[in-house]
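So you can see what is in the structure, the chains are spelled out below.
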Amino acid sequence: MTPNNDSICFALGMKDSNLILMDYFYAFINLAKGTRKKLHPDIRKCRIYEFKLRNQLITCPNCHHRRLVKFGYSTVQTVFTTDDASHPVFLRIHKQRLRCKDCRRIFMAQSNVVRKYCHIANKVTMSFQDDRSLESIARDNTISPSTVLRYLDASRSIAPLYQRQLPTNLAMDEFRGVHRQLHFICIDNDHHRIQTILPDRFKRTIENYFLSFTPAERSRVKTISVDLNSYYQDIARRLFPHAEIIIDRFHIIAMMTRAFNQYRAQAMKQFPKTSRQYRLLKFSWQLYLKSATNLSYEHEYYDRHLRQKVTSGERVDLGLAINDRLRADYQFLQNVMQNLKQRNLDQLTESLYPGTELSPQMTAVLHTLRHNLMYVLNASLFDYSNGTIEGINRMIKQIQRTAFGFRNYNHLVYRIHFRQMAQKKNQAA
């Protein structure tokens with residue numbers, strides 16, 4: 001191969017050594033299809049790269065004899081993907097043909113750049129890894145959205161229906177997908193790979209999937225990280241006898257902060273809107289949710305709602321002095337947060353049995369945590385959580401937002417796997 005040929009193939013990202021560059025030039029091509037070619041022509045200036053494709057056959061694939069002779073060339077024009085959609089790129093490939101003298105069969109040279117009987121380069125599938133809509137991919141590849149969907153359907157092997165084995169540590173959750181329906185998702189909590197995505201989150205569907213694995217395979221699972229959904233715990237207890245169930249730390253803190261904010265708003269509404277007590281509870285509410293160790297009692301700032309200088313610690317103390325139950329809720333919240341962070345099991349257990357009276361909202365949370373006491377303690381004992389799966393759910397939301405929603409469940413699953421493949425590449429780099 002000449003240096004010029006090497007440079008062109010490197011720029012186009014082609015690795016087939018049988019392709020030999022012959023020429024490259026500009027040409028005006030009508031990109032309209034069917035009857036639209038005459039009625040509504042779409043003539044654009046395109047770049048043409050002309051290649052010769054050599055046939056490397058030595059023996060006849062049909063009769064296995066070596067009497068092969070050259071039998072001319074067959075020219076095909078292939079749409080190629082580039083970063084510059086203003087000038088579409090076509091590959092004009094002259095494929096060498098060989099003929100067997102014994103069986104009279106004719107064989108044409110094939111390349112990994114384009115599949116047999118196709119006129120669109122395989123590089124189209126790489127665009128599925130980007131956070132883009134199908135219309136955008138079709139426009140940049142000079143093809144129709146229907147063709148892009150056909151390529152997406154052909155990539156079903158990227159999302160295998162059944163895995164051969166289960167990971168040692170699992171994480172389970174759900175996300176809202178096609179037609180606003182909730183889909184079940186399970187990932188490998190060690191390598192952050194998607195284990196499966198199911199079309200719904202019904203208990204029978206989830207159980208049938210995990211029952212497809214042998215009891216010996218299910219007994220290998222050591223930990224299962226879940227949220228406070230009760231039937232995830234039922235499934236884990238029944239199907240994974242040796243697995244430790246972990247309640248996600250984020251869901252524990254989120255449930256407590258939600259209850260604290262509900263009671264804070266309830267206490268705030270008992271005062272007139274012009275009163276100082278109302279302003280103390282209404283504004284700077286983010287300070288109540290911060291860890292007490294991050295509050296300062298030294299650096300003052302001017303609070304325009306109170307019309308005075310205070311520190312962040314003093315600002316919280318002023319608000320908590322208004323309501324005793326609010327102060328008790330705050331102390332309970334801070335104790336649980338600190339003990340979870342410090343992994344102190346004894347202190348965490350003691351903090352779930354406070355001596356003061358809590359608000360009704362926080363009391364309901366307290367009963368939930370006590371009911372799941374063993375799993376809450378596992379959140380402090382193990383390093384695993386649902387953080388990775390929540391990040392994947394965030395990625396799925398972005399995919400759906402870019403695509404303006406999905407009507408086909410399989411298309412959504414394929415795009416999720418393609419997008420995660422791109423993120424794994426970026427992390428490796």
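Note: the structure precedes this text.
Reading the values: rules and limits
Residues numbered from 1 in each chain as written. Predicted model: local features only at pLDDT ≥ 70, side-chain atom pairs only at ≥ 80, totals over all residues. Heavy atoms only, no water. Helix = DSSP H or I, 4+ residues; strand = E, 2+ residues; numbered from the N terminus. Expected span 1.5 Å × (residues − 1). Buried < 20%, exposed > 50% of the residue type's maximum accessible area, 1.4 Å probe, protein only. Axes fitted to C-alpha atoms, helices over the stretch in contact; angles between N-to-C directions. Parallel < 35°, antiparallel > 145°, perpendicular 65-115°, else oblique. Contact = heavy atoms within 4.5 Å. Arc of directions from axis to C-beta. Nonpolar A, V, L, I, M, F, W, Y, C, P; charged D, E, K, R; others polar. Phe/Tyr/Trp six-rings, centres within 6.5 Å; stacked < 30°, edge-to-face > 60°. Pairing = 2+ DSSP bridges. Salt bridge = Lys/Arg side-chain N within 4 Å of Asp/Glu carboxyl O.

S.K.: Just to check I follow, could you spell out helix α8 (residues 249-268) for this structure?
M.R.: Between its first and last C-alpha, α8 extends 28 Å over 20 residues, near the 28 Å set by a 1.5 Å rise per residue. With 15 of 20 residues buried, α8 lies mostly within the body of the structure.

S.K.: Can you walk me through the packing of α8 against helix α12 (residues 324-342) in this structure?
M.R.: Angle between the axes and distance between the axes: these two values describe a pair of packed helices. Packing of α8 against α12 leaves a shortest axis separation of 10 Å and a crossing angle of 170°. Between α8 and α12, the angle falls in the class roughly antiparallel. Between α8 and α12, the contacting residues are R249, I252, I253, M256, T257, F260, Y263 and R264 on the first element and R325, L326, D329, Y330, F332, L333, V336, M337 and L340 on the second.

S.K.: Would you explain the environment of I399 in this entry?
M.R.: With respect to the element layout, I399 can be found in helix α16 (residues 387-402). Looking at I399, the relative accessible area reads 6%, which means it is buried. In this structure the C-alpha to C-alpha distance between I399 and Y409, which are 10 residues apart in sequence, comes to 13 Å. In this structure, I399 is in contact with D131, F406, R415, I416 and R419, ignoring residues within four places of it in sequence.

S.K.: Is there a simple way to think about helix α14 (residues 360-371) in this case?
M.R.: Because each turn of an α-helix spans 3.6 residues, side chains separated by three or four positions end up pointing in the same direction. Along its 12 residues, α14 runs 17 Å from first to last C-alpha, staying within 8% of the 16 Å computed at 1.5 Å per residue. All of the buried residues along α14 are Q361, M362, V365, L366 and L369. Taken down its axis, α14 places every buried residue within 135° of arc, on the same side. Away from the buried face of α14 by more than 90 degrees, exposed residues P360 and H371 are located. Summarising the contacts, the buried residues of α14 are in contact with α8, α12 and α15 (373-381).

S.K.: Teacher, can you tell me more about the packing of helix α11 (residues 312-320) against α12 here?
M.R.: In the contact formed by α11 and α12, the axes pass within 8 Å of each other and the chain directions differ by 135°. Between α11 and α12, the angle is such that the two are oblique. Contacts from V316, D317, G319 and L320 in α11 reach L326, R327 and Y330 in α12. Its residues assigned to classes, the contact of α11 with α12 shows 4 nonpolar, 1 polar and 2 charged.

S.K.: How should the packing of aromatic side chains be read in this particular structure?
M.R.: Two descriptors summarise a pair of aromatic rings, namely the distance from one centre to the other and the angle between the planes of the rings. Here the structure, examined in full by the defined rule, presents 10 aromatic pairs. Residues Y209 and F213 carry aromatic rings whose centres are separated by 5.5 Å and whose planes lie at 80° to one another, so their mutual orientation is edge-to-face. The pair Y209 / F213 is uniform in exposure class, with both members buried. These aromatic residues form a ring-pair network of at least three members: F184, Y209, F210, F213, Y231, Y232 and F240.

S.K.: Explain the sheet that holds strand β6 (residues 169-176) here, please?
M.R.: What holds strands together in a sheet is hydrogen bonding between their backbones, with the strands either parallel or antiparallel. Pairing in this open sheet of 5 strands is mixed, and the strands run β8-β7-β6-β9-β10 from one edge to the other. Two strands lie at the open edges of the sheet, namely β8 (194-198) and β10 (244-247), each paired on one side alone. Strand-to-strand twist across the sheet, computed as the mean angle between neighbouring axes with direction ignored, equals 20°. Alignment of strand β7 (residues 182-188) against β8, held across 4 bridges, turns out to be antiparallel. Across the sheet, residue I185 finds its bridge partner in β8, namely I197. Packed on one face of the sheet, helix α7 (residues 230-239) meets β6, β7, β9 (223-226) and β10 and runs near 165° to β10.

S.K.: It is not clear to me how the pairing of β7 should be interpreted in this structure. Could you clarify?
M.R.: Side chains on a regular strand alternate between the two faces of the sheet. Burial analysis of β7 places 6 of its 7 residues in the buried class, the great majority of the element. Inspection of the sheet shows β6 paired to β7 by 7 bridges, in the antiparallel sense. Paired with R176 across the two strands is L182, which belongs to β7. The loop that links β6 with its antiparallel partner β7 comprises 5 residues; one of these, H179, has a positive phi angle of about 55°. Between the antiparallel neighbours β7 and β8 lie 5 residues, among them H192 with a positive phi of about 60°.

S.K.: So what exactly am I meant to see when it comes to the pattern of salt bridges here?
M.R.: Side chains that differ in charge, positive against negative, can pair when their charged atoms come close. Taken as a whole and assessed by the stated rule, the structure comprises 11 salt bridges. R220 is the salt-bridge partner of E217, the closest N and O atoms lying 2.7 Å from each other. A salt bridge links D303 to R315, with the nearest nitrogen and oxygen atoms 2.9 Å apart. Taken together, the residues D303 in strand β11 (residues 300-303) and R315 in helix α11 connect sequence positions 12 residues apart. Through salt bridges with shared partners, a single network forms among K203, D234 and R237.

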